[in-house]
Amino acid sequence: MHPTAVSLRWLPPLPPLPSLPLLPALPALPLPSLLPLPALPALLPPSLPALRPLPSLQVQWPLPSLLLLLPLLLGVPGSSAYGFRNCIQSPLDPGLFRCIQRFLQSVTDALTDLPAATRALNLSHNALHHLPPAAFARLPLLQTLDLAHNRLATMAPGAFAGLGALGALDLSHNRLDALTEGAFTGLGNLSWLRLDHNPLASVASSALLPLANLSRLSLRGGRLVALGPVAVAIQHLPRLQLLDLCGNKVSALGPSPPLPPSLLALRLCNNSLAALAGGTPGLLPALRVLDLSYNNISDVAPLAQLRLCNLSRLQLAGNPLDVLQLLEVPDLRPRSLDFSGLRLEPGMLEEVCRRLKGPRMRYLRLRHNGMQALQDGALATCPPMATLDLSGNRLRQLGCMGRLLRQEQLGELGELVVEHNLLRWLPSCQQTPALHRLHNISLRFNRILVVGPEAFTHMPHLRLLRLDVNGLARLDQRALGGLWELRELRLDNNLLTDLYTGSFSDLGRLLTLNLRNNRISVLFPGAFTGLASLQTLDLGGNNLRHLAAAALRELGDLRRLYLDRNRLQEVSAEVFRPMQASLGVLDLRANALRYISRRPRQRPPFRHLHRLYDLKLQAQQPYGLRIIPHHFFQGLTALRSLFLGQNGLLAIPADAFDDLAQLQFLTLADSGGGMGDLPAGIFKNLSCLRSLDLENVGLRSLGPHVLGNLSRLEQLKLAKNELSTLDRRLDEMLPALRYLDLRKCPLSCSCTNAWLPGWLNHSRVQVVYLYNYSCGGASTGEGPPTYLHSFDTRVCFLDVGLYLFAATTPAVLLLLALPLLHHRAYWRLRYHFYLLRAWANGRWQREERRYAYDTFVSYNSADEGWVLGELVPELERDSLRLCLHHRDFSPGRAIIDNIVDSIYNSRKTVCVVSRSYLRSEWCSMEIQLASYRLFDELRDVLVLVFLEAIPDAELSAYHRMRRVLLKRTYLRWPPEPQAQRLFWAKLKAALRAPGQEEEEGKEGVGEGRQLI
């Protein structure tokens, strides 16, 4: 029968888990499906910097598995946080970012949240003062970078490292005073570099060495004093074609190495090269264009030191040089000299023309030469030319070109430019030789008051005539006679007050007529007779107050009509009837249209314009349209763009846009006339709308009744409104939205907007300056402001459903589990319940019964040697009364009665457990009878002693349950002598009076664990 065991089972702690890799191991795939790991950062959002690999790693991931993994890396599939603290992404080009006028002092402030796929970045007009190393390394695909108008004074070596794709860099208008070595490291693909208007005084010899592909370099407006250091810096640039050093303080050309053979244009205007000191024949080996304008060069001798035979254009404007002496310079081809800005004395022009003898010239530029008059035949000695430019002189009359040129020249001249002179009138040239090849003539920026009859009849093939920016007050009825081939006529910015009938009767092929910014107040019927082919008519900026029904009746093919900035008080549908089949653009902005009632005074004015696609009505004077009448836009079935901004609108009827089914762009910006809210269903038919501008309209709310059916809307601008809340169904109402502007709206951090932070941070919509929106009305001036994207929403109890679910789910599961537990584990649970009651009784109630024995020992006869040799002597030596079956059972009684009496007359029962004990039926009965005392007396009396280690699998379900429940009273006989003393101490403690065994048992277990 018996026992044994004194076994404190102690499990060692689990070893720490190995660190998990960021990406799971992926199966190998064929080579074509592999993607280099360095390409991965471009696919990751900036919020995952930890996943960006080191550049030196050459690991490859299988492409299909990587694509499956991307949704996990990017968060919600197809979406991510889409707001930028200091930049705006272009709605039309996702790779273009503008961070202008944000008062940025550090590049990091702008780049922290920009995606790696950025291709163009504009950081101009900020306060940047320094570029640290690798400042833009996280934008490896950047192609254009604009840093103009900052305060940059220093650039660390390697500031542009990692920008291997950059093609254009603008550093103009900063405070750079030197270009140091390493400043442009990594810009091997740069082709255009601008450093204009910096106090640049020195350039290190190797500063530009990394720019192997540079083709255009502009250093205009600096403080460089010599060409030599620059030439040294650029001598290793094999593709440089343009070098601009205008506006510096360059006073010497040398000593200097030869400029790169690839350099084609050198601009040195506005410097101090009066003597051209240091110039050598080999300095300009392959130059084609040289600009030495405004250098105060007075002697032509220094020019002889330079090799100028390869030049195709030499500009010397603003220098006090003698033109005839210039033509004597060796190696200088007369046709390469640009005479613009050189003083031509009377009689000198004829000699210059003789020096230019030869075949036809492409250009003859005689600009800013101080000429006051041209006599007949003044240009007859010049070679034939395709373009003659006489701009910037002081000519008061031009006469007829047939008298200035000889017959051969008349047949070659194709363009005549006489701008910025003092011409006052154009005479009639009806009897002069014709210029059959003259196509373009520009006479703008003169003082022409009158154009005589048949003034251009000697130019029958003229295509472009520019008379704009003059003082034309009257246009003769036959002034434009004979211009049958004219395509474009510019009469804008003059003083015309009337258009006479028949003035344009010969212009049957005219396509564009510009009459903008004159003083025309009335359009008489027949004013446009003969303009059957006219496509563009610009009457903007005049004094028109009324348009008669017959004013435009000849313009049946008109496509673009500009009537902006007039004083029109109303428009009639009959005015536009003649062009109803062709008109596509109508500009009526900044007139005096005004409506005071929703009931129209007349039929809709645009009802015939079924092909109109662009209508501008913004900024009506003095106070705007005020009210849009019912069905005002009826008939505009093809309209795609409608501009209604700056109109102080008080009311818009719900049917205002019903006919605009094709509308794609609508702006009502700056129309806050007190409208407050838009009527329900106002946009119900605008299913094609892509951009809606409601900035500064005075909106107080915007719900589904307004934005319903805008399923294709991509851009929504709501800045500067009175919106304090947004409808949480915004995402559902506008599924295609990609750009949202809420700047300067007093959005509140209230429970009504508690859905906004989550939506803003997990939406595909770009919210302009998302992280700068503070809570409207929440700032008290104390402490940091609260921001809309991160305000605490826990107080709003938005997840009531979740809380109810969490509260009811355990109850439901418990109700489901109770029948199962009752069926499968009723007796086991009841047994544990009694164990608990027994523990409570032993802990809190004092024992009053006196027992005959302290312990009944249950063991198997196979273990009798250990019991009688070890256990009994040790315990009886400590005055414990033991009950043994061979010694204390009453003779003649049934065995079962003796067992029951012994168990109930003993305070405890010790079971000496071994494999032999487990196989004995009598031992099993004894342990079960001892357990029954639990139900009878609510006392747990069992103490198990293991003589050997027995695996859990060999224990019966009953013993395994006991072992789990009663860990504190399990003892195992140790083979080590040192541990046996502790074993006896623990066993005796377990058999002592109640109230002590629990505490001692706890201590024993702890010590036993340490000992074993």
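Every residue gets a number counted from 1 within its own chain, in the order that chain's sequence is written. Residue-level local features of this predicted model are given only where pLDDT is at least 70; pairs of side-chain atoms are given and counted only at 80 or more, and the full residue set underlies all totals for whole chains, interfaces and linings. Note that the side-chain values use all heavy atoms of the structure and ignore hydrogens as well as water.

A. Looking closely at the overall build of the chain. The secondary structure listing takes helices from DSSP runs of H or I that are at least 4 residues long and strands from runs of E that are at least 2 residues long, numbered from the N terminus. Across its full length, the chain carries 21 helices and 43 strands. Only protein chains enter the area calculation, which uses a 1.4 Å probe; residues under 20% of their type maximum are buried, those over 50% are exposed, and those in between are partly exposed. The 1012 residues of the chain split such that 49% are buried. Of the contacts made within the chain by residues no fewer than 6 positions apart, 66% connect residues no fewer than 24 positions apart. Note on areas: Shrake-Rupley, 1.4 Å probe, and residue coverage restricted to the protein chains presented here. Accessible surface, the chain: about 47100 Å² in total, of which carbon and sulfur atoms supply 54%. Only heavy atoms enter the contact rule, under which two residues are in contact if any of them lie within 4.5 Å.

B. Quick look at a nonpolar patch on the surface. Residues Leu814, Leu815, Leu818 and Leu821 make up a contiguous nonpolar surface patch of roughly 390 Å² in combined accessible area. Inspection of the secondary structure assignment puts Leu821 in helix α13 (residues 800–844). When its relative accessible area of 38% is taken as the criterion, Leu821 is described as partly exposed. Residues with no salt bridge and a relative accessible area higher than 30% make up the patches, which join like charges within 9 Å and nonpolar side chains (Val, Leu, Ile, Met, Phe, Trp, Tyr) within 5 Å. Each reported salt bridge corresponds to a side-chain nitrogen of Lys or Arg within 4 Å of a carboxyl oxygen of Asp or Glu.

C. Inspection of the sheet that holds strand β43 (residues 970–972) at higher detail. By this definition, two strands are paired if DSSP reports at least two bridges between them. Strands sit in the order β40-β39-β41-β42-β43 across an open sheet of five strands; the sheet is parallel. Every interior strand has two partners, whereas the edge strands, β40 (882–883) and β43, have only one. Here five bridges tie strand β39 (residues 853–858) to strand β41 (residues 906–913), and the two strands are oriented parallel to one another. Note that in β41 the partner of Val857 across the bridge is Val910.

D. Fine view of the confidence of the model for the chain. Per residue, pLDDT captures the predictor's confidence, and it can take any value from 0 to 100. Averaged over all residues, the pLDDT of the chain equals 82, while 83% of them reach at least 70. Low pLDDT (under 50) marks residues 1–81, which in the prediction has 147 contacts with non-local residues, meaning those over four places away or in another chain. Here residues 963–968 is modelled with pLDDT under 50, and outside its nearest four sequence neighbours on either side it reaches 15 contacts, counting other chains as well.

E. Looking closely at the sheet that holds strand β26 (residues 474–475). The strand order across the open sheet built from three strands is β22-β24-β26, with neighbouring strands paired in parallel fashion. Two strands bound the open sheet, and with one partner strand each, they are β22 (425–426) and β26. Of the strand pairs in this sheet, β22 and strand β24 (residues 450–451) are connected by two bridges, and their pairing is parallel. What sits directly across from Leu426, in β24, is Val451.

F. Up close: the side chain of Gln715. Tracing the chain through its elements places Gln715 in strand β36 (residues 715–717). With a relative accessible area of 15%, Gln715 lands in the buried category. Ignoring any residue separated from it by four or fewer positions in sequence, one finds Gln715 in contact with Pro91, Leu92, Arg690, Ser691, Leu692, Leu737 and Tyr739.

G. Layout of the packing of helix α14 (residues 864–876) against helix α20 (residues 977–990). Here an angle of 0 to 180 degrees is reported between the N-to-C directions of two axes, which are lines fitted to C-alpha atoms, with helices fitted over the stretch in contact. Put simply, α14 and α20 touch, their axes get as near as 11 Å, and they point 65 degrees apart. Once α14 is placed against α20, the crossing between them reads as right-handed. Listed contacts from α20 to Trp866, Glu870, Leu871, Glu874 and Leu875 of α14 are Phe983, Trp984, Leu987 and Lys988. Note on convention: near helix rotated counterclockwise from far helix by under a right angle means a left-handed crossing. Clockwise means right-handed.

H. Local environment of the state of the cysteines. The disulfide criterion is simple: two cysteine sulfur atoms within 2.5 Å. For the structure shown, the criterion picks out five disulfides. Bridging Cys87 to Cys99, the disulfide has an S-S length of 1.9 Å. Around the S-S axis, the bridge from Cys87 to Cys99 shows a dihedral of about 100 degrees and counts as right-handed. Taken as a pair, Cys87 in the loop between α1 (63–74) and β3 (88–89) and Cys99 in the loop between β4 (96–98) and α2 (107–111) lie far apart in primary sequence, 12 residues in all.

I. Up close: the packing of aromatic side chains. Pairing of aromatic rings covers Phe, Tyr and Trp, the last through its six-membered ring, and needs centres within 6.5 Å; plane angles under 30 degrees mean stacked, over 60 mean edge-to-face, and all others mean tilted. A complete count under the given rule lists 17 aromatic pairs for this structure. Arranged with centres 5.9 Å apart and planes meeting at 20 degrees, the rings of Phe633 and Phe657 form a pair that is stacked. You can see Phe633 sitting in the loop between β32 (614–616) and β33 (641–643) and its partner Phe657 sitting in the loop between β33 and β34 (665–667), a full 24 residues away along the chain. A relative accessible area of 1% means that Phe633 is categorised as buried. Both rings, one in Trp866 and one in Trp973, keep their centres 5.3 Å apart while their planes meet at 70 degrees; by these two values the pair is edge-to-face. Of the two residues, Trp866 sits in helix α14 while Trp973 sits in the loop between β43 and α20, which places them 107 residues apart along the sequence. Its relative accessible area of 15% is what places Trp866 among the buried residues. We classify Trp973 as buried; its relative accessible area is 15%. One aromatic cluster is present, formed by Phe576, Tyr595, Phe606, Phe632, Phe633, Phe657 and Phe683 through successive ring pairs. Ring-over charges, as used throughout, are those where CZ of Arg or NZ of Lys falls within 6 Å of the ring centre and within 35 degrees of the ring normal. The lysine or arginine in question, Arg102, covers the ring of Tyr769, its NZ or CZ lying 3.8 Å from the ring centre.

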